[in-house]
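Secondary and tertiary structure notes
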Amino acid sequence: MRSIGCACLVLSCLVAYSSPALLAPIQPAGRAVGTAPASNFALELKGVIRQIPIGDIEKLVQAYLLNDPEFQAVIRAVNSLPAYRFIRQLANQPEVRQLQQWLSQQLILSGGSLKIFDYLELEIKVFNKYPFWSQLVNGIQGFETEFAQVYPVELIRSLLEPSATQTSPLLSELWRRLVALRPVYERVLASAQGKAITNELQRLGVNINGVDAIIRYQFGWTNATWTTPSNNYDYYY
Ligand SMILES: *[C@@H]1O[C@H](CO)[C@@H](O)[C@H](O)[C@H]1NC(C)=O
């Protein structure tokens, strides 16, 4: 669920839609000699991504996708042409393309590539693993509740945001660049396409304010958590 769950991973979206033409040329091996030592940015970022419990998320999505009509309707909306165009629009913003390009270059310079994001792709099997799964689903709200319990939004932020324990210069630069994307997010959401898709998701029962709060917190666009009485995420605790 790109816009809800793996929202979390707008990052992964950005990468999934990146065009090969944006990829930086690979540096000849000789170039590294005599320059600054290779950073371990690729390993650092991989370490962050691997904190996302993708197996648990896959099981949750599978149970809902196979058994829950409300969730199925949301997935159809997420896969609709307007939603696809919306995500393309987001991915094509100049600031987003610049971030992709920077990310790709830094990963290549540290011996990695954008492939480290492949880990976030969900592979959903078409049969229930356990028959009782069909009894456990509880509408889109049930999914949101369970997703909030599984996805470690605070941990991921703490691993990216500079702090006493997060001192990596390149992770800090990535964080700075993510924080700087806020105006892009707001611009695209306010567009006609953005309004159409968010209205449709809301109509289908998605807690748009809650999803928005999580996205904003994840990328440092707000420091407010979603535990305030004004939203529905208090069940998180
Ligand atoms: C969140 O808090 C940090 C540290 O105090 C601050 O640097 C940053 O500007 C704040 N972000 C927002 C969106 O208020």
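The coordinates are above.
Criteria and cut-off values
- Residues numbered from 1 in each chain as written.
- Predicted model: local features only at pLDDT ≥ 70, side-chain atom pairs only at ≥ 80, totals over all residues.
- Heavy atoms only, no water.
- Buried < 20%, exposed > 50% of the residue type's maximum accessible area, 1.4 Å probe, protein only.
- Helix = DSSP H or I, 4+ residues; strand = E, 2+ residues; numbered from the N terminus.
- Arc of directions from axis to C-beta.
- Contact = heavy atoms within 4.5 Å.
- Expected span 1.5 Å × (residues − 1).
- Core = buried A, V, L, I, M, F, W, Y, C linked by side-chain atoms within 4.5 Å.
- Phe/Tyr/Trp six-rings, centres within 6.5 Å; stacked < 30°, edge-to-face > 60°.
- Lys NZ or Arg CZ within 6 Å of the ring centre and 35° of its normal.
- Salt bridge = Lys/Arg side-chain N within 4 Å of Asp/Glu carboxyl O.
- Near = heavy atom within 4 Å.
- Polar contact = N/O pair within 3.5 Å; in protein donor to acceptor, adjacent residues only side chain to side chain.
- Areas by Shrake-Rupley, 256 points an atom, 1.4 Å probe, with all protein chains shown as cover.
- Nonpolar A, V, L, I, M, F, W, Y, C, P; charged D, E, K, R; others polar.

Attention shifts here to helix α9 (residues 153-160). Along α9, the residues classified as buried are V153, I156, R157 and L160. Taken down its axis, α9 places every buried residue within 100° of arc, on the same side. Looking at the buried residues of α9, the elements they touch are α2 (41-49), α10 (169-179) and α13 (208-218).

Take helix α3 (residues 54-67) next. Counted at 1.5 Å a residue, the expected span for α3 with its 14 residues is 20 Å, and the 20 Å between its end C-alpha atoms agrees. If you check which residues of α3 are buried, you get I54, I57, L60, V61, Q62, A63, Y64 and N67. In this fold, the buried residues of α3 make contact with α4 (69-78), α7 (133-136) and α8 (139-150).

With that settled, the discussion passes to the nonpolar core. In terms of nonpolar packing, the biggest core is built from 60 residues, with F41, L45, L103, L107, F117, L160 and L174 touching the most fellow members. Setting aside its immediate chain neighbours within four residues, L174 contacts F41, L45, L99, W102, L103 and L160.

Bringing the packing of aromatic side chains into the picture now. Counting across every chain of the model gives ten aromatic pairs. Taking 5.9 Å as the distance between ring centres and 25° as the angle between the ring planes, the aromatic pair formed by F143 and F147 counts as stacked. Of this pair, F143 and F147 both sit in helix α8, separated by four residues, roughly a single helical turn. A relative accessible area of 1% means that F143 is categorised as buried. Looking at F147, the relative accessible area reads 7%, which means it is buried. In textbook terms, an aromatic cluster arises when at least three aromatic residues are bridged by ring pairs, as seen for Y64, F71, F143, F147 and Y151. The positively charged end of R157 is found above the aromatic ring belonging to Y217, 4.4 Å away from the centroid.

Enumeration over the complete set of coordinates arrives at eight salt bridges. Of the charged contacts, one joins E173 and R177 as a salt bridge, the two residues approaching to 2.8 Å between their closest N and O atoms. Highlighted residues: E173 and R177, both in helix α10, separated by four residues, approximately one helical turn. For D212, the salt bridge is made with R216, and the minimal N-O distance between the two is 2.9 Å. Residue D212 and its partner R216 are both found in helix α13; the two are separated by four residues, about one turn of the helix. Residue classification places R216 among the buried residues on the basis of a relative accessible area of 18%. A network of salt bridges, in which partner residues are shared, links R182, E186, D212 and R216.

A few words now on the site of the ligand. Around the ligand sit G220, W221, T222 and N223, and that is every residue in its neighbourhood. Taking N223, its side chain carries an N or O atom lying 2.3 Å from an oxygen atom of the ligand. Considered on its own, the ligand offers 360 Å² of accessible surface; in the complex 32% of this is hidden by protein. Class assignment for the residues of the shell around the ligand results in one nonpolar, three polar and no charged.

Nothing here speaks to function; it is geometry throughout.
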